[in-house]
Structures are given as structure tokens and as C-alpha cells.
Amino acid sequence: MTRRDSFLECEPGVIRLFGAADIGTKGMVSGWSGPEEGHNWNDGVEAACAVAVKPPVTRLMLSVMGEPYVTRARPAQEITLYGNGYRLGFWRLSARAETALLVALEPEWWLERGAKAVMRLMLHMPHSVRPKDINDGQDSRELAFCYRSMCLRPIAG
Amino acid sequence: MAEPALLGDLRERPDGSFDGWCWVPGRPQERLIVDLLVNDTLAISMVAAIFRRDLQTRGYGDGRHGFVLRLPANTEGLDSEALITARERRSGHIFGRVLRAAPAVSAPGGPALDRVERQVDALWQDLDSARPPPEAERPSQRLRSAFGTLAGRLRAQAGRAPWPDGPPIVLPAPVSPALTVAFVARAAEAAFARIAALAPGLALARAELLVIDPGIDPEVALLSSRVRNLRMLRDGAAAGVIAACNLALAHGAGERRLWLGDTVATPSAAALLALARALAKAPPALWLGPEAAISFADVDAPLPPAVSLPARFGMALCVDRAVFAELGPLDPGFGAAHGLAYADLALRARLLGVDLRAVMEPEPPTGAAVEFAPASTAAWALFRSRWGALDPLIAGA
């Protein structure tokens with residue numbers, strides 16, 4: 001079994017790439033398919049990842065770029081994002097196009113663990129579906145969103 | 001020669017985003033963080049980890065060292081001309097610079113301006129035919145030049161180029177160019193004509209073009225509206241040929257950097273291709289062309305046939321990336337006497353034992369140790385004080 005790093009260490013302002021080249025399995029706790037070239041699919045209705053930044057934490061904007069798995073048989077995907085138990089955002093996506101999920105993270109939502117401030121991000125995607133179950137190829141993973149990049153940007157002021 | 005600490009490249013795409021790559025040969029699997037700066041202010045950062053087949057083919061790690069970045073729309077400085085710099089975060093190493101042209105604005109008065117210009121042109125022609133003046137004293141020439149400058153400023157302000165509309169010239173953007181061809185764009189129209197003439201040869205010779213804008217003609221900034229993939233550097237201080245030459249030599253990505261002077265002919269596609277092939281077979285060297293107006297007795301030996309071609313098309317200076325890195329820049333202390341600055345560089349090369357070729361046109365002069373273009377007394381004094389001890393002919397010149 002592939003060893004999974006506990007946290008994805010992030011530097012605010014730096015765009016990180018899902019997939020084999022950069023993020024790989026770092027911080028990808030559960031609910032993920034294997035990292036591919038330049039992207040990473042979820043596999044199942046819940047996917048969790050753990051990110052860490054260096055304290056002190058300021059207000060940060062989390063942006064996640066990717067593309068929802070939308071077909072005629074599955075016309076929309078829904079994503080609810082939780083961070084350390086807080087409900088951060090909800091999106092209903094009906095266009096199969098590059099999409100940005102944006103949410104502001106308050107400093108008090110982070111948990112300080114020694115030299116790290118950590119946040120466990122839980123993505124709830126109830127409409128994940130196996131393409132082969134809807135006659136869209138042979139893929140047997142339960143897909144909802146193709147994750148391409150993420151970034152934590154400081155929010156001015 | 002030591003292995004380079006970091007390799008990388010930055011290009012502007014036609015859609016306004018930027019792509020490039022960076023890689024450290026000593027740490028081939030490491031993913032580096034790239035900072036993109038707009039006018040020296042950090043705008044956006046990314047881990048360079050996108051797979052590129054060309055990098056893999058060249059043996060640059062596993063090829064996963066690319067990046068693509070789009071500057072956020074609210075980035076400060078993007079509403080005017082901006083210098084975009086790519087920097088590796090940890091080392092601070094700068095590996096790419098692109099001058100992004102100011103966005104063009106609509107020009108509602110443009111057609112009217114063109115009509116007035118045509119009418120005034122006709123007027124001057126009438127004036128000349130009515131009273132033929134001496135060639136040099138022709139008042140219409142002076143007026144035309146003054147009006148031309150004014151029209152140029154108005155057009156530049158309105159975002160209109162002085163050349164007729166047409167399909168864009170698409171310059172090649174080779175990932176690792178064999179040659180960087182550079183020149184100073186003093187006047188927009190002449191620069192445009194030169195780019196149009198060079199473009200086919202650049203593609204054939206796997207060469208990139210670097211244009212230095214000395215800020216003399218405001219319309220030069222409009223070149224990028226018609227020329228795709230144009231790399232333009234601004235010599236903000238308008239510090240002359242030596243500074244411009246140093247800029248081009250420092251920022252070119254080509255293995256060899258070729259400097260075209262103002263008075264040398266623009267090489268045809270065939271000549272540029274032949275030159276690139278000849279240079280690819282030649283050992284690393286510093287080449288001096290006819291504009292350098294300098295020759296050394298010890299380089300009058302016949303050139304090998306494979307590298308004799310450059311003598312027939314003209315160039316000011318051609319230098320290897322590695323040689324230039326070792327020699328350092330041209331000395332701006334020589335002011336306008338760039339012939340002496342080239343000579344100084346050549347003599348430094350000789351001291352370091354760098355293989356030197358001075359290529360003259362049409363025939364290499366022989367007999368004199370140094371020939372040079374007219375230079376100021378101060379530049380001469382500097383040159384003599386530095387190199388007089390080396391050669392009695394220099395000391396006595």
C-alpha cells in the first residue's frame with residue numbers, strides 16, 4: 001500500500017498541482033483515486049485531505065481548480081466543503097468546464113499543532129457516480145470532480 | 001565549465017498567460033517554486049510540476065518541471081507596459097524576463113488622422129515641385145519629419161500602428177533556441193520591416209528574436225500588437241548601443257547571441273540558416289563582425305570553410321552564451337565608441353584564452369593590429385590605458 005504523508009505542507013500564495021508530479025499522495029487522507037498526470041479524481045462520496053501552513057495564520061482564500069464530472073445521465077454535481085468540522089462552502093456544478101471553488105478561511109478555524117497550523121478538509125460529493133454504471137465508459141471509480149490545482153492566498157487587510 | 005545552477009525559460013502566450021519551466025540539473029527530481037513578478041512586485045507563484053514532453057526528451061529530470069500562469073486581472077501594473085520576471089523562489093535565481101506591451105486602446109480618430117496625414121503629404125510634394133530646393137536644405141523634409149514624429153506620438157497614444165493592417169507575424173518560440181538574434185528598434189517602421197524580413201529565417205534556424213526598445217520612438221511599443229511571440233526589452237535609460245547590447249546578451253536564451261548593428265544588412269532566411277549551421281559546427285567563440293571595425297593580426301589566419309559564411313552577411317557581434325558568462329558585459333565606459341568596447345571584450349577574451357575569430361567584410365584587413373571606428377578622446381584614453389602595454393600599435397595609436 002502506498003504510504004500517504006500526513007499533511008500537505010502549503011506556502012501561502014503558491015499554486016500546488018494535484019497529480020503525480022507535485023501533490024501526489026501528500027495529505028490525501030482518504031477517498032481519492034490514485035494521482036494521475038496533472039490531476040486527481042475523488043473516488044467515493046467523501047474525500048479528505050489535510051493541509052498545513054506555518055503559523056501565525058492570517059485570513060486565507062482557498063481556491064481549488066478542477067472540472068466536475070457532468071454528463072447527460074448525471075447533469076449536476078454537488079460539493080460541500082468542511083474544514084476542521086466547519087461548513088465552509090457549497091457548490092452545485094452543472095457545466096463540464098474548468099471551475100474554481102473559492103472560500104475564505106478564518107485564522108481561528110485552523111488547529112495549531114507545534115510548528116504547524118493544520119486543517120482537515122472534507123469534501124462531500126453525494127452525486128459521485130461510476131461512469132460504467134451510467135454507460136459512460138468502463139471506469140469503475142466513483143467520480144464527482146477532477147481536481148487540478150489548489151492555492152491558499154493571503155487576503156489583504 | 002561549471003554546470004549551470006538552474007535552467008529555465010519564460011514565454012508569453014498569445015492569450016496573455018505565461019508558460020515556462022525551470023529545473024536544477026544537480027537536483028533533477030526537485031519541484032521548484034516559481035514566482036512571477038510584475039515590475040519587481042510578486043504577483044503569483046506556482047510549483048513548476050507540469051509535465052512537458054520536450055523537457056523529458058532533453059533529459060531534464062522526468063519532464064515534470066513546466067508551469068502555466070495567468071496573472072490575476074487585478075494585478076497592479078498591468079494597465080501599462082510591464083516587465084514580467086520569473087524567479088525561482090528558494091535561490092532567488094531569475095531565469096526569464098518578458099516585456100509585456102501596454103494594452104492597446106481604441107482609436108476613434110485614427111482614420112481621420114490618416115486622411116490628414118495624406119493631405120499634408122500631398123501638400124509637401126506640391127511645395128517641392130514648385131520650388132526645387134537643395135537636397136539637404138529641403139524645408140519640406142524637416143516639416144515632414146516633424147509632422148511624422150507628431151503623427152507617430154498621436155498614433156501611439158491611440159494604440160494605432162504605423163504599418164498597414166495584415167495578418168500577424170508569428171515568430172518562433174523555440175524552447176532552447178540555437179541562436180538569439182537581437183537588434184535595437186530606434187524607429188518602429190524600420191524595426192517592423194526588419195522583423196518581417198527576419199521571421200522566415202528565424203523559424204528555419206531555430207532562433208529567437210530579441211528587440212531592444214531604447215524609448216526613442218513611442219510606436220515601437222506597438223510592435224507586439226502585430227508580432228506574436230515578440231520578446232522586447234526596454235532600455236529605459238536609452239543608454240546607447242553598449243547597454244542595449246549587454247541587455248540582449250544577458251537576456252537571450254540562445255546558445256549563441258547574434259547582435260545586428262544598425263548598418264549591417266538584415267540576413268535573408270537562407271543566410272541565417274547557413275549561419276546557424278556554420279556556428280553549430282564551430283567551436284565556442286567570440287565573433288566580431290564588420291561593425292566592430294576591429295581586427296587582430298593573430299586572427300587573420302584563414303577560417304575553416306565550415307565557418308566562413310558569416311563574413312558574407314554582416315553582423316556586429318556573435319558570442320556564445322558560456323563565453324559571454326565568462327567574459328562579462330561590454331564596458332559602458334567606452335560610451336558611444338562601441339568599436340572600442342568590442343575590442344576590449346575581444347582582448348579580454350584573448351587574455352582568458354577564449355578562441356577568437358574576427359570576421360570582417362568584405363575582406364579582412366591585414367597588417368594592422370587594431371583598426372577602429374572614430375572614437376572620442378576619452379574612450380581612446382581608456383582603451384590605451386587598459387591595453388597599451390599589450391601591443392605597441394595600441395600604445396602609439
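Below or above, wherever it landed, is the structure these notes cover. (Residues numbered from 1 in each chain as written. Chains lettered and ligands numbered in written order. Predicted model: local features only at pLDDT ≥ 70, side-chain atom pairs only at ≥ 80, totals over all residues. Heavy atoms only, no water.)

1. Considering the overall build of chain B
Broken down by element type, chain B carries ten helices and 17 strands. Relative to all contacts within chain B whose residues are 6 or more apart in sequence, the contacts with residues 24 or more apart total 70%. Surface summary for chain B: the accessible area is close to 18300 Å², and the carbon and sulfur share equals 57%. (Helix = DSSP H or I, 4+ residues; strand = E, 2+ residues; numbered from the N terminus. Contact = heavy atoms within 4.5 Å. Areas by Shrake-Rupley, 256 points an atom, 1.4 Å probe, with all protein chains shown as cover.)

2. So, the packing of aromatic side chains
For the structure shown, the criterion picks out nine aromatic pairs over all chains. Between B:Phe67 and B:Phe95, the ring centres sit 6.3 Å apart and the planes meet at 75°, which makes this aromatic pair edge-to-face. Within this pair, whereas B:Phe67 is found in strand β6 (residues 64-69), its partner B:Phe95 is found in strand β8 (residues 94-100), the two being separated by 28 residues in sequence. Assigned by exposure class, B:Phe67 and B:Phe95 land together as buried. Through successive ring pairs, a cluster of aromatic residues spans A:Phe18, A:Trp32, A:Phe145 and A:Tyr147. The ring of B:Phe183 carries the charged tip of B:Arg194 above its face, separated from the ring centre by 5.1 Å. (Phe/Tyr/Trp six-rings, centres within 6.5 Å; stacked < 30°, edge-to-face > 60°. Buried < 20%, exposed > 50% of the residue type's maximum accessible area, 1.4 Å probe, protein only. Lys NZ or Arg CZ within 6 Å of the ring centre and 35° of its normal.)

3. What about unusual backbone geometry?
The omega torsion of the bond from A:Pro55 to A:Pro56 falls at 0°, within 30 degrees of zero and hence cis. Turning to its location among the elements, A:Pro56 is positioned in the loop between β5 (46-53) and β6 (60-68). Unusually for a residue other than glycine, B:Arg206 sits at a positive phi of about 50°. Mapped onto the elements, B:Arg206 comes out in the loop between α4 (188-204) and β11 (207-213). Under the relative-accessibility criterion, B:Arg206 is labelled partly exposed at 44%. Within the chain, B:Asn229 stands out as a residue other than glycine whose phi angle is a positive 65°.

4. Focus on the interface of chain B and chain A
With twelve residues of chain B at the contact, the number on the chain A side is eleven residues. At the boundary of chain B with chain A, total buried surface from both sides reaches about 960 Å², with 59% on carbon and sulfur atoms. Across the contact surface, chain B and chain A share two salt bridges. Salt-bridge contacts for B:Arg89 lead to A:Glu11; the nearest nitrogen and oxygen are separated by 2.5 Å. (Buried area = accessible area lost by both parts, 1.4 Å probe. Salt bridge = Lys/Arg side-chain N within 4 Å of Asp/Glu carboxyl O.)

5. Here we look at helix α9 (residues 377-387) of chain B
Residues and elements named next belong to chain B. When α9 is considered as a whole, its buried residues turn out to be Ala379, Trp380, Phe383 and Trp387. Projection of α9 onto a plane perpendicular to its axis shows the buried side chains occupying an angular sector of 100°, all on one side. Within α9, the exposed residues directed more than 90 degrees away from the buried face are Thr377, Ala378 and Ser385. (Arc of directions from axis to C-beta.)

6. Here we look at the pairing of strand β8 (residues 86-93) of chain A
Taken residue by residue, a regular strand's side chains alternate between the two faces of the sheet. All names here are of chain A. The pairing of strand β7 (residues 77-83) with β8 spans seven bridges and is classified as antiparallel. Each residue of the ladder has a partner; that of isoleucine 79, found in β8, is tryptophan 91. Count of turn residues in the β7/β8 antiparallel hairpin: two residues, of which asparagine 84 carries a positive phi of about 50°. (Pairing = 2+ DSSP bridges.)

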